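A look at the structure
Single-letter residue listing:
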Amino acid sequence: MVGNTYPYTTDDWKQDIVLAASRDIDAFALNVGPEDWQRQSVARCYAAALELGIRFKLFLTFDMTVLRANTREDVSILREYIARFAHHPHQMLYENKVMVSTFAGQDSLFGHSTMHEAWDFVKSTLQEIAQIHLVPSFFIDPRAYPHHSFMDGYFNWNGSWPIYLTVNSTREEVKCAKLDTDRHHIHHLDGRTFMAAVSPWFFTHYGPESWNKNWIYRGDDWLFVRRWEQIIAMRDQIDIVQIVSWNDYGESHYIAPVRGAQPSSDAWVDGFPHDAWLDLTQHFARAFKTGTYPRSRKTGYSYRWQLVSWRFKEPAEVRLSATQDGLSERSYSIGQGLSKLSHPMVAGGGMRARLMRDGEIVAECSPSREEFVVRERPETYNFNVYVASST
């Protein structure tokens, strides 16, 4: 989200790029809006990649919920972006064409009668500068894809979460909720590029005086891990995976350290680090790209007591507790591969995970009460997630 980088310098972008690259992330999708300062921040990002000289790419994704698209002339901001960055050494190319995406856009008509006419016009305009590989995230019926030749593919942004769940969903539907929308999109794309989404969480809490969005998608039952496992199992049908998101603090699915400018999300973001998800990201990103899970060891968990432990050597024991006195402790034997464990929360308690072998503590993760505590009747509910890890 370039919109959350208002104070970013080139050095800030360098930090983000180096961190992302170190976790096997290959590119940033730069979600951009209409403000001039965002164009300058994007320019600093491209400059940072060039100065670093590492193999890291960038591409633009136009946020059509905020970019004007009422007249043909409104295409000018998209054109200006492409003219400025299409030929940059760190611009991401796909099939030797400039990769371009969107968030929404199905209602962006640019003075035309239909979406097809509008985006055929947009693509033709941008291709006066460079050949474009357009992989949008339009929220339309996938059965319409064969009729939209301007689309070179599709980004299934909503594929990250079980968005179909409601308050009337049964317990069976809710537990380990299905994430099964990809195949429908892939079928109707008929061989065109498919970009899948993976996301660890979703909670947002804005009132009608601002963005007026206030909801949560279920993230329990090891959502991030299950979605990655699903994507890797389908890797022969998926061309690109986009992680939602690097820094969208307002929707609580950031995986990077919190910095930049929060979009009035401090109330539910401050004190809720997600950095540990970067290590999970690296583990699964390597597996997606190579087809083989790397040999590694890590223990991480979230505040809803969804512990993930992965080992590829000797068997071990994991002990979980929601209290420091250990009275709630449970023990699990784990072997090779990735284990998904959970533990009930206890009012007034916290969380502790210990990885044991031959009676010795190999790794321990135990946030202090100042960092994390379960309150039985909190004054303010916060459905963001606390994430920690230990090596």
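Scroll up a little and you will see the structure.
Everything in this summary refers to the structure shown in the same document. (Residues numbered from 1 in each chain as written. Predicted model: local features only at pLDDT ≥ 70, side-chain atom pairs only at ≥ 80, totals over all residues. Heavy atoms only, no water.)

The strand order across the open sheet formed by four strands is β14-β13-β16-β17, and the pairing between neighbours is antiparallel. The open sheet terminates on both sides in strands that have one partner only, identified here as β14 (330–334) and β17 (360–365). Strand-to-strand twist across the sheet, computed as the mean angle between neighbouring axes with direction ignored, equals 25 degrees. (Pairing = 2+ DSSP bridges. Helix = DSSP H or I, 4+ residues; strand = E, 2+ residues; numbered from the N terminus. Axes fitted to C-alpha atoms, helices over the stretch in contact; angles between N-to-C directions.)

With that settled, the discussion passes to unusual backbone geometry. Between Val244 and Ser245 the backbone carries a cis peptide bond, its omega angle lying at 15 degrees. Relative to the helices and strands, Ser245 resides in the loop between β10 (240–243) and α8 (266–269). Look at Asp24: it is not a glycine, yet its phi comes out positive at around 65 degrees. Residue placement: Asp24 occurs in the loop between α1 (10–22) and β1 (27–32). Here the phi dihedral of Asn212 falls at roughly 55 degrees; this positive angle occurs in a residue that is not glycine. Summarising the element assignment, Asn212 is placed in the loop between β8 (203–205) and β9 (214–216). On the basis of relative accessible area, Asn212 is assigned to the exposed category, the value being 52%. (Buried < 20%, exposed > 50% of the residue type's maximum accessible area, 1.4 Å probe, protein only.)

Before going further, it helps to examine the packing of aromatic side chains. Under the defined criterion, the tally for this structure stands at 32 aromatic pairs. An angle of 35 degrees between the planes, with centres 6.3 Å apart, marks the rings of Tyr81 and Phe85 as tilted. Linking Tyr81 with Phe85, this pair stays in helix α3 (residues 76–85), spanning four residues, or about one helical turn. Residue Tyr81 shares its accessibility class with Phe85, and that shared class is buried. Note on Trp157 and Trp161: the rings are 4.9 Å apart at their centroids and 65 degrees apart in plane angle, and the pair reads as edge-to-face. An aromatic cluster is built from Phe103, Phe139, Trp157, Trp161, Phe202, Trp215 and Tyr217, whose rings are joined through pairwise contacts. (Phe/Tyr/Trp six-rings, centres within 6.5 Å; stacked < 30°, edge-to-face > 60°.)

So, about the nonpolar core. Ranked by internal contacts, the top residues of the largest apolar core, which has 89 residues, are Leu30, Leu60, Phe62, Phe110 and Trp119. In contact with Trp119, not counting residues within four places along its chain, are Met64, Leu78, Thr102, Gly105, Ser108, Phe110, Leu134, Phe138 and Phe150. Counting 16 residues, the second largest nonpolar core, distinct from the first, contains Phe59, Tyr94, Met99 and Met195. (Core = buried A, V, L, I, M, F, W, Y, C linked by side-chain atoms within 4.5 Å. Contact = heavy atoms within 4.5 Å.)

A word on the pattern of salt bridges. For the structure shown, the criterion picks out 21 salt bridges. Residue Arg259 pairs with Asp16 through a salt bridge whose shortest N-O separation is 2.5 Å. With Arg259 in the loop between β10 and α8 and Asp16 in helix α1, this residue pair connects regions lying 243 residues apart in the sequence. Since its relative accessible area comes to 24%, Arg259 is described here as partly exposed. As a salt-bridge pair, Arg352 and Glu329 come within 3.8 Å of each other at their nearest N and O atoms. (Salt bridge = Lys/Arg side-chain N within 4 Å of Asp/Glu carboxyl O.)

This paragraph deals with the sheet that holds strand β7 (residues 193–198). Strands belonging to one sheet form pairs held by backbone hydrogen bonds; the direction of such a pair is parallel or antiparallel. Here three strands make up an open sheet; going across it, the order is β6-β7-β10 and the pairing parallel. Lying at the two open borders of the sheet, with one neighbouring strand each, are β6 (153–156) and β10. Between one strand and the next, the sheet's axes are offset by a mean angle of 20 degrees, whatever the strand orientation. With four bridges joining them, β6 and β7 adopt parallel strand pairing.

Turning our eyes to something else, we now look at a nonpolar patch on the surface. Taken together, the side chains of Ile216, Tyr381 and Phe383 make up a nonpolar region of the molecular surface, amounting to roughly 310 Å² of accessible area. For Tyr381, a relative accessible area of 57% puts it in the exposed group. (Patch = residues over 30% accessible without salt bridge, like charges linked within 9 Å, V, L, I, M, F, W, Y side chains within 5 Å. Areas by Shrake-Rupley, 256 points an atom, 1.4 Å probe, with all protein chains shown as cover.)

Glancing now at the packing of helix α7 (residues 223–233) against helix α9 (residues 276–290). In the contact formed by α7 and α9, the axes pass within 10 Å of each other and the chain directions differ by 10 degrees. Looking at the two axes, α7 sits roughly parallel to α9. In contact with Phe224, Val225, Trp228, Glu229, Ile231 and Ile232 of α7, α9 contributes Trp277, Leu280, Thr281, Phe284, Ala285, Ala287 and Phe288. Grouping the constituent residues of the contact of α7 with α9 by class yields 11 nonpolar, one polar and one charged. (Parallel < 35°, antiparallel > 145°, perpendicular 65-115°, else oblique. Nonpolar A, V, L, I, M, F, W, Y, C, P; charged D, E, K, R; others polar.)

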